[in-house]
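# Observations on the model geometry
Residue strings, one per chain:
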Amino acid sequence: MKALLFDVFGTVVDWRTSIAHEVHEICGSGVESLRFADRWRSLYQPAMEQVRSGQRPFTRLDVLHLESLRTVLSEFEIDLDADATTTLNLAWHRLEPWPDSVPGLTRLRTDFIIAPLSNGNISLLLDMAKHAGLPWDAILGAEPVQAYKPMPDAYLRTADILGLRPDECMMVAAHNSDLAAAADCGFATAFVARPLEHGPSQTTDLAAESEWTYSVDSIEALATHLGC
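## Focus on the overall build of the protein
Each helix and strand counted, the protein has 11 helices and 7 strands in total. Over its C-alpha atoms the protein spans a radius of gyration of 17 Å, differing by no more than 12% from the 17 Å that the globule rule assigns to 228 residues. Dimensions of the protein along its principal axes, counting C-alpha atoms only, are 50 × 35 × 30 Å. Residue burial in the protein is summarised as follows: out of 228 residues, 54% are buried. For the protein, the proportion of contacts with a sequence separation of at least 24, taken over those separated by at least 6, is 66%. Summed over its atoms, the accessible surface of the protein is roughly 10000 Å², and 51% of this surface lies on carbon and sulfur atoms. Charged side chains of the protein number 17 positive and 32 negative; the gap between the two group centres comes to 4 Å.

So, in structure tokens, the structure goes:
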């Protein structure tokens, strides 16, 4: 194993709490900020599916997020000017890490290449790394491979960019579907439980749903398993 490649949204960073905080700051206390964050996130997969299905050419996630944000602002009857809308859209660049993420990644980095294998665009992931102190060895995302997970090209082209075979890579994610797609491409897998990603009423991805290579409750625990 030479590289550990990480899903980011939900696995490394707490998108829900972070987005809700920014919604509260920008839109005001009268907005149900957690419900707003959940609705915005609910448009994530449908937006990418338009690209995956070939209905539209590859479009970076910042653009998809902005289109979804305008939809949610309309649904919530919130009127923001262009500058405030742009600022709120860039909240995805400022997500906070889970408490174990930075120390765990720092330990893993001593023995492995670590990088995001995310649907985020490079500028988003770069800004997030700077903001959250994520010690990536490389900033990779959907743009270099021109594919969104769980398309096989997202995994295979990322391994190729690093000059590695799929079996030299491990996908680390809090989402069983992401790991299943990576395993189908020949990757090793590590499930990191994030039972509060979607809040206290979360019902999905509470535990490993297959015999992944590793199943842990934190990135620091994964580092321990791997002897880092």
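## So, empty space enclosed by the protein
In total, this model carries 1 cavity of 30 Å³ or more according to the counting rule given. As a volume, the largest cavity reaches approximately 40 Å³. Surrounding the largest cavity, Pro116, Leu117, Ser118, Asn119, Leu140, Gly141, Val145, Ala147, Lys149, Ala154 and Thr158 form its lining. Class assignment of the residues belonging to the lining of the largest cavity gives a composition of 6 nonpolar, 4 polar and 1 charged.

## So, the sheet that holds strand β1 (residues 3-6)
Taken in spatial order, the 5 strands of this open sheet run β4-β1-β5-β6-β7, and their pairing is parallel. Among the strands making up the open sheet, the edge pair consists of β4 (113-116) and β7 (214-216). Within this sheet the neighbouring strands show an average axis-to-axis angle of 20 degrees, counted without direction. Bridge analysis of strand β6 (residues 188-192) against β7 gives 3 bridges, and the strand direction is parallel. Within β7, the residue paired with Ala190 across the bridge is Tyr214.

## A few points about unusual backbone geometry
Trans peptide bonds make up most of the peptide bonds, and negative phi angles are found at most residues other than glycine. Residues Lys149 and Pro150 are joined by a peptide bond in cis, for which omega reads 10 degrees. Note that Pro150 resides in the loop between α8 (142-145) and α9 (152-161). Despite not being glycine, Gln146 has its phi angle at roughly 55 degrees, a positive value. Residue placement: Gln146 occurs in the loop between α8 and α9.

## Quick word on the packing of aromatic side chains
Applying the stated criterion across every chain, the model contains 9 aromatic pairs. When the centroid spacing of 5.4 Å and the interplanar angle of 80 degrees are considered together, the rings of Trp40 and Trp92 count as edge-to-face. Placement of the pair is Trp40 in helix α2 (residues 33-42) and Trp92 in the loop between α5 (82-89) and β3 (96-97), with a sequence separation of 52 residues. With relative accessibility at 0%, the residue Trp92 sits in the buried group. An aromatic cluster of three or more residues is present, and its members are Phe9, Trp15, Phe36, Trp40, Tyr44, Phe76 and Trp92. The ring of Trp15 has Arg41 sitting right over it, with the charged end atom 5.2 Å from the ring centre.

## Considering the nonpolar core
Formed by 57 residues in total, the largest nonpolar core has its most connected members in Phe6, Phe9, Phe36 and Leu108. If we ignore the near neighbours within four places in the chain, the residues touching Phe6 are Val12, Leu105, Leu108, Ile114, Ala115, Pro116, Leu117, Ser118, Trp136, Met171, Val172 and Ile219. Leu5, Leu117, Ala147 and Ala193 belong to the second largest nonpolar core, which has 22 residues in total.

Reading the values: the criteria
- Residues numbered from 1 in each chain as written.
- Predicted model: local features only at pLDDT ≥ 70, side-chain atom pairs only at ≥ 80, totals over all residues.
- Heavy atoms only, no water.
- Helix = DSSP H or I, 4+ residues; strand = E, 2+ residues; numbered from the N terminus.
- Rg over C-alpha atoms; globule rule 2.2 N^0.38 Å.
- Buried < 20%, exposed > 50% of the residue type's maximum accessible area, 1.4 Å probe, protein only.
- Contact = heavy atoms within 4.5 Å.
- Areas by Shrake-Rupley, 256 points an atom, 1.4 Å probe, with all protein chains shown as cover.
- Lys, Arg positive; Asp, Glu negative; His and termini not counted.
- Charge placed at Lys NZ, Arg CZ, Asp CG, Glu CD.
- 1 Å grid on protein atoms, 1.4 Å probe; cavity = no way out; pocket = protein on both sides within 12 Å on 5 of 7 lines; lining within 4 Å.
- Points joined across faces, edges and corners; volume = space filled by probe spheres on them.
- Nonpolar A, V, L, I, M, F, W, Y, C, P; charged D, E, K, R; others polar.
- Pairing = 2+ DSSP bridges.
- Axes fitted to C-alpha atoms, helices over the stretch in contact; angles between N-to-C directions.
- Phe/Tyr/Trp six-rings, centres within 6.5 Å; stacked < 30°, edge-to-face > 60°.
- Lys NZ or Arg CZ within 6 Å of the ring centre and 35° of its normal.
- Core = buried A, V, L, I, M, F, W, Y, C linked by side-chain atoms within 4.5 Å.

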